[in-house]
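Reading the structure
Okay, here's what each chain looks like letter by letter:
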Amino acid sequence: MKTLDDLLSEGVAGRRVLLRADLNVPLDGEKITDDGRIRAVLPTLNALLEGGATVTVVSHLGRPKGAPDPKYTLAPVAARLSELLGGPVNFGAAGDAKVTLLENLRFNPGETSKDEGERKAFAQELAAHGDVYVDDAFGAVHRKHASVYDVAALLPHYTGYLVARELEVLSKLTGEAERPYVVVLGGSKVSDKLAVIEALLPKVDKLLIGGGMCFTFLKAQGYEVGKSLLQDEMVDTCKDLLQRGGDKIVLPTDVLSADKFAADAAVQTVGVDAIPADGLGLDIGPESVAAFAAALESAKTVFWNGPMGVFELAPFAAGTRGVAEAITKVDGFTVVGGGDSAAAVRALGIPEDGFSHISTGGGASLEFLEGKALPGIVALEG
Ligand SMILES: Nc1ncnc2c1ncn2[C@@H]1O[C@H](COP(=O)(O)OP(=O)(O)O)[C@@H](O)[C@H]1O
Ligand SMILES: O=C(OP(=O)(O)O)[C@H](O)COP(=O)(O)O
């Protein structure tokens, strides 16, 4: 793979660079609640600007359905990027500034289309913005999307500093990871991540499952989960995983059940056998936090992706905080990955140096750990 330093030594003065970034930041309305992913691309962007390039930055935000949706505009990101760069950023179309951020890629159906022709057509449109392509969107390298995969075939392509660094650090988690190796999974992207568990099971010593992920497993164990996040069609898969995983898989034994998805909800801590029919499980309970912390105590390698609960709402942050703190006490190599997981660490005031590495990618890291070929990396290798 050619690197950004290769490109800089070729010289970028006066050249147009198409830069794929992952600026999929958490938002509260129009307010960015964590700008970590914007900051993470600054070294690459600044190096290109210092080299004299004109840069068109492209990114997705959230999961709009292939059409413009004001809820998912990158406008707040353009404003924050401009603040962080200390200079102007054109938004939506090229202008006087050296940096342009285009609107959310996923407003175009070609970006995520399963139809290769449709994706390639959109990749052609994107390629028109650059003489060369730099991929620094580590969080999206596991997506076979036009801006991540197809466009690389159309332009000379290079890895950005973030992608290079992430691959270097995460490669310590594959192959000869020191044992015990504990993976902690949570979050809300249940269907994406259930598929990863199967591949990870043989590689790890313990798999702790909390967050929105755990309810499909609890259902598979025979418990009723009320109105909690549930992937009904995956219950049988979970039964099979539980059987194969044996005592490697650790599930919560208690949860916080709320009467609504809100900070002022009425909340009760219940055993997993007593989740009310109208209850929403929004965090793991204290007994589970203690069990997860105990399982982490002797770990030598830890990877954590996905908050243990809806940490954005104060009453449901304790599980994520407890697990994060337990990981910071581990005497070994510890990685937390994922847009929201990294944001949670910062939002909860957990010292960032308590982890060996904070990755910008959740799903991307998991698929890398799994040993899967990542489309965004395959494309850069070609
Ligand atoms: N029990 C739960 N029910 C619903 N949502 C949850 C639950 N636990 C965690 N979440 C949500 O999961 C989201 C993060 O999930 P995900 O995107 O998978 O993580 P990451 O971005 O770190 O990969 C957070 O916004 C959090 O509120
Ligand atoms: O937030 C992301 O992934 P993550 O939640 O796994 O860290 C990336 O921006 C990828 O987004 P996607 O999972 O909608 O393709």
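Here's a quick rundown of the structure. (Residues numbered from 1 in each chain as written. Chains lettered and ligands numbered in written order. Predicted model: local features only at pLDDT ≥ 70, side-chain atom pairs only at ≥ 80, totals over all residues. Heavy atoms only, no water.)

Some details on the sheet that holds strand 14 (residues 280-284)
Judged by pairing direction, the sheet is antiparallel, and its three strands sit side by side in the order 13-12-14 without closing on themselves. If you trace the sheet from one side to the other, it starts and ends with strand 13 (267-271) and strand 14, each paired once. Strand-to-strand, the axes of this sheet are offset by a mean angle of 40°, without reference to chain direction. Looking at chain direction, strand 12 (residues 254-258) and strand 13 are connected through five bridges and run antiparallel. Bridge assignment links Leu256 to a residue of strand 13, and that residue is Thr269. (Pairing = 2+ DSSP bridges. Helix = DSSP H or I, 4+ residues; strand = E, 2+ residues; numbered from the N terminus. Axes fitted to C-alpha atoms, helices over the stretch in contact; angles between N-to-C directions.)

A look at the site of ligand 2
Contacts to ligand 2 come from 13 residues, most closely from Arg63, Arg106, Arg143, Lys189 and Gly363. Here an oxygen atom of ligand 2 sits 2.9 Å away from a polar atom, N or O, in the side chain of Asp22. The protein chains hide 95% of the 390 Å² of surface that ligand 2 would expose on its own. (Near = heavy atom within 4 Å. Polar contact = N/O pair within 3.5 Å; in protein donor to acceptor, adjacent residues only side chain to side chain. Areas by Shrake-Rupley, 256 points an atom, 1.4 Å probe, with all protein chains shown as cover.)

Focus on the side chain of Asp22
Secondary-structure assignment places Asp22 in the loop between strand 1 (16-20) and strand 2 (27-28). Asp22 has contacts with Arg37, Ser59, His60, Ala137, Gly139 and Ala140, leaving out every residue within four places of it along the chain. (Contact = heavy atoms within 4.5 Å.)

A word on the environment of Leu102
The topology assignment puts Leu102 in the loop between strand 6 (99-101) and helix 5 (109-112). Take Leu102: its relative accessible area is 11%, and that puts it in the buried class. Separated by 165 residues in sequence, Leu102 and Val267 place their C-alpha atoms 42 Å apart. Excluding residues within four positions of it along the chain, Leu102 makes contact with Thr56, Val57, Val58, Leu74, Phe91, Gly92, Ala93 and His129. (Buried < 20%, exposed > 50% of the residue type's maximum accessible area, 1.4 Å probe, protein only.)

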